[in-house]
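Now for the letters of each chain:
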Amino acid sequence: MSFIGKPLAASIVAATLAAGISGAAAQSPQRGGVLNSTLWPEPPGIVIGINLNAPTLLPSSKMFEGLLTYDFRMAPQPMLAESWEVSPDGLTYTFKLRRNATWHDGKPFTADDVVFSVGEFIPATHARSKPTFERVKASAPDPHTVVMRLSEPYAPLIRSFDALSAPMVPAHVYRGTDFRANPANQSPVGTGPFKFKEWRKGEYIHLVRNDAYWQAGRPYLDAIYYRFIPDSASRALALESGQVQLATQTDIEFVDVARLGKLPNLKVTTQGWEWNSTISWIEMNIRRKPFDDPRFRRAVLHALDREFIRTNLFFGLAKVPTGPIHSSSPYYDADVPRYPYDPAKAAALLDEMGLKPGPDGVRARVKLMGLPYGELWNRLSEYIRQSLGKVGVAVTLEATDVAGWGNRFANWDYDMTTTFLSTLSDPALGVARTYITANQRKGVLFTNTSGYSNPRVDELFAKAAGTSDDAQRKAMYSEMQKIVAGEAAIAWLVEIDWPTIHDARLRDAVVNAFGPNDNFAGAWLAK
Amino acid sequence: MRFLTFLLAWAVKAAAIVLTIVVLNFCLIRLAPGDVATVLAGESGAADPEFLARTRAEFGLDKPLAAQLLTYVGNVLTLDLGVSYRTRRPVADMVLERLPATLMLTGAAFVFALLVGPALGVLAAIRARRPADTAITVLALLFYAMPIFWVGLILILVFSVTLGWLPPFGMRSIIPPVGDVARALDVPRHLVLPTLTLGLFYVAIYARLTRGAMLETAGLDFVKTARAKGLPEWRVVGAHVFRCAMLPIITFAGLQAGHLVGGAIVAETVFAWPGIGRLAFDALLQRDYNLLLAVFLASAVAVVLINFATDLLLRIADPRIGAGR
């Protein structure tokens, strides 16, 4: 809550207090009730792994579970594994599984399902977790124990067992089939507190309570409907009128979030996206001039008032970052070269490079391909154009749509572009991919698209991933952050605090790092 | 005989037009950069070269464009429209399951506009330059000029959020209402606001068209003759003036009917109406070529058929058309 902009924060505190007082008598969860949530766009499928789109994860995470889940600080908590142990050399992970968990079709959940999920299903389908689990050799000494072995330590592994990164899928349904064409993808079978009921195309996905759920007495909700409402203004009205009780991430325009937060029937929180830790940045194509010169990139950072971007474009739902690692990460180091708003310094850096203003006051002409994700991003592009214009860098805006943007970005066909990316639960998973030389792969999005390369940075990332000692990892990531920030590899703009807007009667929906992507076993509706 | 020739000529023309549209559409959408593999990777926040290559190979997107076109046209001629890249379901099913919702909405708006628009136009023409005329003209101008999405949002704000009379979005209640009457009225209740939103725009057009045509016709000699031979005013207006003024209305109704399949994207978006316009729009953004082409095809066939119906209607309303050829 403390992350929210000031005007909003005050009203939310007031609303929380009011709700706290009136609801004090009824704080124990109540059974019953139907939750309506927005979901947009309509997902291509609802099995995590087969699809990884944000709208796939929201309904899918109610049906599928991981071995572990994580609290707001990303510390592991039991889920389908009731306990676990990591050997001191960091090479062997042993999980003890729940004995009473069953699949939605009634079959018991066993170690064989885990071995199949991490050994076959995830490496074959899950683009994000494939590299992690390809390192793992899993075996099942007994039906309730799983042992995973590594050939060398891989520190991020312990943060990779959540439902989104490593969903457990039923071996008896998928083994030996074409995973992508399996009919169960249309009617998923998981272990989660909610079961698939119906998907009315163009209208909603309907999940119902799993009466045989392994956590006795849970879940509290009878059903969840994910409703597809294409227009963001209509989504805001739906929340306002109480037709839906939950919306998150990009569902509601940031400009509307503050307004909705002031309504007595709604609450806003920015917790519950810690697993994602999103940073937005300007990526400059380092293969092209003048972006190859770190002084130019530093000048870009000095020319931008990121505090202004935070408050006026993101309406306070953001923080100003200092470098490649998100400030919520345990490996974050704030002691790095900083780039405060200072147009004079920017001009001096450009002068030093020999980019003197011409007769029209222009030092350089560049193109900015703005992220085509709607009004907020258009305004951001406009702001960047104006700010760089003031220090003599003339920016031409290039319009694209999502597919065109992805295509040009992945194929290195751009000068500058705005983007945002999840830095995930561990720097080895979500940060390294943007900076290491080995990950420059033309045609593939979310790789090292800028062309940044520094052998020392490569070495630090590689060593830190293979070190199990946390203090040593911290030191390596600190050095990496100092180098990458010093070279201004990328112009970090804001850490985005995705809002979750929910009805005041919806309780315990945001309880860990996954917020709206949690399984909702404990969520309930006050009468 | 003349009618048979007309029918035959029309059928040949229609087939040629639809085939041309298929080829043109295929080429046009490939001008947009990026493909479905990039889009899916972009939405996932994770990409993997193997995944990209597999997706492209699965749908033949790695083959030369000419080969893809030939395959596609061949498939269309055998009525096989392929599967959606995104959902891997047959696109014909996806289009057919969305079609009724769109036809219900655009059809209701069509009927509403055709009933109310010309009536208002006639009223305005009879009361030309009097308060009723001014009121109708101003309102018509207003609804003609206001963006559809804005009218929709205002209607939601007034009738759903403030008054709570009508549901703000969707096509039916998630939890079916209790009682037979309430259940029967569920979809119609959801239909009211989107119909008004889409219909008011057309009402405005029809009202303006009718008023103009009526006033123009009213000054013609045959109307004076009708009055001179002592016909009652309602017959002069109804049988003489309005019949003439109907021609532009039929022409425009033909145009509007052409939009029955694909013309409701905005209303469908604002009201989360599960129709085909929205399906096409998303398919375009997601580069789901097969799905998009199927919607285009359905829409092209509808336009061709409706043009045919319009031609027939015009011949009936005005026997001079077609007779002169």
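Residues numbered from 1 in each chain as written. Chains lettered and ligands numbered in written order. Predicted model: local features only at pLDDT ≥ 70, side-chain atom pairs only at ≥ 80, totals over all residues. Heavy atoms only, no water.

> How would you sum up the interface of chain A and chain B? Please name residues and give values.
Residue-level contacts link 43 residues of chain A with 42 residues of chain B. In total, about 3800 Å² of surface goes out of reach between chain A and chain B, with carbon and sulfur atoms giving 61% of it. Per-residue buried area on chain A facing chain B is highest for Arg180, Lys201 and Leu237 of chain A; these three make up 14% of the total on that side. Measuring nitrogen to oxygen at the nearest pair gives 2.8 Å for the salt bridge that ties arginine 287 of chain B to aspartate 401 of chain A. Counted by class, the side of chain A that touches chain B contains 21 nonpolar, ten polar and twelve charged residues. (Contact = heavy atoms within 4.5 Å. Buried area = accessible area lost by both parts, 1.4 Å probe. Salt bridge = Lys/Arg side-chain N within 4 Å of Asp/Glu carboxyl O. Nonpolar A, V, L, I, M, F, W, Y, C, P; charged D, E, K, R; others polar.)

> I'd like to hear about the sheet that holds strand β5 (residues 92-97) of chain A, residue by residue, with values.
Residues and elements named next belong to chain A. Read across the open sheet, the four strands follow the order β4-β5-β7-β6; overall the sheet is antiparallel. Every interior strand has two partners, whereas the edge strands, β4 (81-86) and β6 (137-142), have only one. Taking the axes of each pair of neighbouring strands and ignoring which way they run, one obtains an average angle of 20° across the sheet. Here β4 pairs with β5 via five bridges, running antiparallel. Its bridge partner lying in β5, valine 86 is registered against tyrosine 93. Its contacts with the sheet put helix α3 (residues 111-125) on β5, β6 and β7 (145-149), and the angle it makes with β6 is roughly 175°. (Pairing = 2+ DSSP bridges. Helix = DSSP H or I, 4+ residues; strand = E, 2+ residues; numbered from the N terminus. Axes fitted to C-alpha atoms, helices over the stretch in contact; angles between N-to-C directions.)

> If you had to explain the pattern of salt bridges to someone new, which residues and values would you point to?
In total, this model carries 37 salt bridges over all chains according to the counting rule given. Here glutamate 398 of chain A and arginine 408 of chain A are joined by a salt bridge, their closest N and O atoms 3.3 Å apart. Taken together, the residues glutamate 398 of chain A in strand β16 (residues 393-398) and arginine 408 of chain A in helix α12 (residues 402-410) connect sequence positions ten residues apart. Accessibility expressed as a relative area gives 18% for arginine 408 of chain A, which makes it buried. Its salt-bridge partner being arginine 227 of chain B, residue glutamate 233 of chain B comes within 2.9 Å of it at the nearest N-O pair. Classification of arginine 227 of chain B as partly exposed rests on a relative accessible area of 39%. (Buried < 20%, exposed > 50% of the residue type's maximum accessible area, 1.4 Å probe, protein only.)

> Give me the lowdown on the packing of aromatic side chains, citing residues and values where you can.
Residue and element names in this part refer to chain A. Inspection of the entire model under this criterion finds 36 aromatic pairs over all chains. Their ring planes at 90° and their centres at 5.7 Å tell us that phenylalanine 116 and phenylalanine 179 sit as a pair that is edge-to-face. Highlighted residues: phenylalanine 116 in helix α3 and phenylalanine 179 in the loop between α5 (171-174) and β8 (194-200), separated in sequence by 63 residues. For the pair shown, phenylalanine 116 and phenylalanine 179 are each scored as buried. Between the aromatic rings of tryptophan 405 and phenylalanine 409, the centroid separation amounts to 5.1 Å while the plane-to-plane angle is 45°, which identifies the pairing as tilted. Taken together, the positions of tryptophan 405 and phenylalanine 409, both in helix α12 and four residues apart, correspond to about one turn of that helix. Connected via pairs of aromatic rings, a cluster forms that spans Phe254, Phe314, Tyr373, Trp377, Phe420 and Trp498. A cation over a ring is seen here: lysine 201 above tryptophan 199, with NZ or CZ 4.4 Å from the ring centre. A cation sits over an aromatic face here: arginine 287 above tryptophan 412, 3.7 Å from the ring centre. (Phe/Tyr/Trp six-rings, centres within 6.5 Å; stacked < 30°, edge-to-face > 60°. Lys NZ or Arg CZ within 6 Å of the ring centre and 35° of its normal.)

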